[in-house]
Amino acid sequence: MSTYSQVPESTCSRQCSEGQVKVIKDFKTCCFDCVTCPEGTYVNSTEKPVHQYYMGRDITVAMLTLILAWIIFIPTYVSTDIASKSLIQMSFILSSCLGVLSAVFFPKCYLLIYKKEMNSSDYFGTYIADGKDKNPTK
């Protein structure tokens with residue numbers, strides 16, 4: 001009876017450095033060669049710049065707020081009498097809309113009001129790696 005206490009390591013290939021792309025050698029996906037990227041090609045960078053606003057967090061919180069509001073709505077709506085069902089519907093529709101709007105816009109408003117140094121198009125712009133070097137003196 002053998003025990004597997006060690007995590008297997010890939011001894012097939014090393015990590016590619018910046019400016020290189022992986023080219024698979026065999027049918028195994030862990031075996032590859034590092035080839036220098038051709039001039040003018042688009043490099044897929046999944047990392048955003050450190051000093052840039054991340055809107056995905058706001059959208060996630062907004063959708064969680066929306067889902068939570070409607071999960072609470074279902075048992076509340078079912079347990080109320082007929083006379084107040086329209087009031088419950090209206091209040092949950094308004095509260096879910098307010099939750100989405102506040103989750104998306106309150107963090108931006110906070111930055112615009114209290115952190116004025118971050119109020120720039122570079123900070124709020126969408127990150128697109130265009131492959132062009134903005135600092136040619138490197």
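Below, the discussion takes up the confidence of the model for the chain. Note: predicted coordinates in regions of low pLDDT should not be interpreted at a detailed level. Model confidence for the chain is summarised by a mean pLDDT of 75, while 65% of its residues fall at 70 or above. In this model residues 129-133 is a low-confidence stretch, pLDDT under 50, and it forms four contacts with partners more than four residues away in sequence or in other chains.

A word on helix α1 (residues 55-79). Look at α1: 37 Å from first C-alpha to last across 25 residues, which is about the 36 Å you get at 1.5 Å a residue. Those residues of α1 that fall on the buried side of the exposure criterion are D58, A62, A69 and F73.

Packed helices, taken two at a time, are described by the angle between their axes plus the distance between the axes. Where α1 contacts helix α2 (residues 85-114), the two axes come as close as 9 Å, and the packing angle between them is 165°. With respect to α2, the element α1 is oriented roughly antiparallel. Seen along the crossing, α1 lies across α2 with a hand that is right-handed. Looking at the contact of α1 with α2 residue by residue, the class counts come to 17 nonpolar, five polar and three charged.

Once that is clear, we can look at the side chain of D58. Counting through the fold element by element, D58 comes out in helix α1. By relative accessible area, D58 is classed as buried at 3%. When residues no more than four places from it in sequence are discounted, the contact partners of D58 are Y53, A103, V104 and P107.

In this structure the tally under the stated criterion is one salt bridge. Note that D58 is salt-bridged to R57, the shortest N-O span being 3.7 Å.

As a further point, take the side chain of S96. Relative to the helices and strands, S96 resides in helix α2. A polar atom in the side chain of S96 sits 3.5 Å from the side chain of W70. Those residues in contact with S96, other than ones at most four positions away along the chain, are L66, A69 and W70.

The tally for this structure, following the rule as stated, stands at four aromatic pairs. Consider the rings of F73 and F92, whose centres lie 5.3 Å apart with planes at 65°: the pair is edge-to-face. Taken together, the residues F73 in helix α1 and F92 in helix α2 connect sequence positions 19 residues apart. The same class applies to F73 as to F92, namely buried. By the ring-pair criterion, three or more aromatic residues cluster together here, those being W70, F73, Y77 and F92. The ring of Y77 has K85 lying over it, and the distance from NZ or CZ to the ring centre is 4.4 Å.

What follows deals with α2. The terminal C-alpha atoms of α2, which comprises 30 residues, lie 41 Å apart, in line with the 44 Å expected from a rise of 1.5 Å per residue. The complete set of buried residues in α2 reads I88, F92, S96, G99, S102, A103, V104, K108 and L111. Buried residues along α2 sit against α1 and α3 (121-124).

So, how was this worked out
- The numbering scheme is per chain: residues are counted from 1 as the chain's sequence reads.
- A pLDDT threshold of at least 70 governs which residues receive local features in this predicted model, and a stricter bar of 80 or more applies before side-chain atom pairs are shown or counted, although totals over entire chains, interfaces and linings include all residues.
- Water and hydrogen atoms were dropped before computing side-chain values, which therefore reflect all heavy atoms in the structure.
- Known as pLDDT, the predictor's per-residue confidence is scaled from 0 to 100.
- Note on contacts: a residue pair qualifies if any of its non-hydrogen atoms lie within 4.5 Å across the two residues.
- A run of H or I in DSSP counts as a helix once it spans at least four residues, and a run of E counts as a strand once it spans at least two, with each numbered from the N terminus.
- Expected helix span is computed as 1.5 Å times (number of residues minus one).
- When a residue's accessible area, from a 1.4 Å probe over protein chains only, is under 20% of the maximum for its type it is buried; when over 50% it is exposed; and in between it is partly exposed.
- Each axis is a line fitted through C-alpha atoms, and for a helix only the stretch in contact is used; angles between axes span 0 to 180 degrees, taken between their N-to-C directions.
- Any angle that is under 35 degrees is reported as roughly parallel, and any over 145 degrees as roughly antiparallel; angles of 65 to 115 degrees are reported as roughly perpendicular and all others as oblique.
- By convention, the crossing between two helices is left-handed when the near helix turns anticlockwise from the far helix through less than a right angle, and right-handed when the turn is clockwise.
- Here the nonpolar group is Ala, Val, Leu, Ile, Met, Phe, Trp, Tyr, Cys and Pro; Asp, Glu, Lys and Arg are the charged ones; every other residue, Gly included, is treated as polar.
- By salt bridge we mean one thing: a side-chain nitrogen of Lys or Arg within 4 Å of a carboxyl oxygen of Asp or Glu.
- In protein, a polar contact requires one atom able to donate a hydrogen and another able to accept it; more generally it is a pair of N or O atoms within 3.5 Å, and residues adjacent in sequence count only if both atoms are side-chain atoms.
- By convention, a stacked pair of Phe, Tyr or Trp rings (six-membered ring in the case of Trp) has centres within 6.5 Å and planes under 30 degrees apart, an edge-to-face pair has planes over 60 apart, and any other such pair is tilted.
- In this scheme, the term charge over a ring applies when either NZ of a lysine or CZ of an arginine sits within 6 Å of the ring centre and within 35 degrees of the ring normal.

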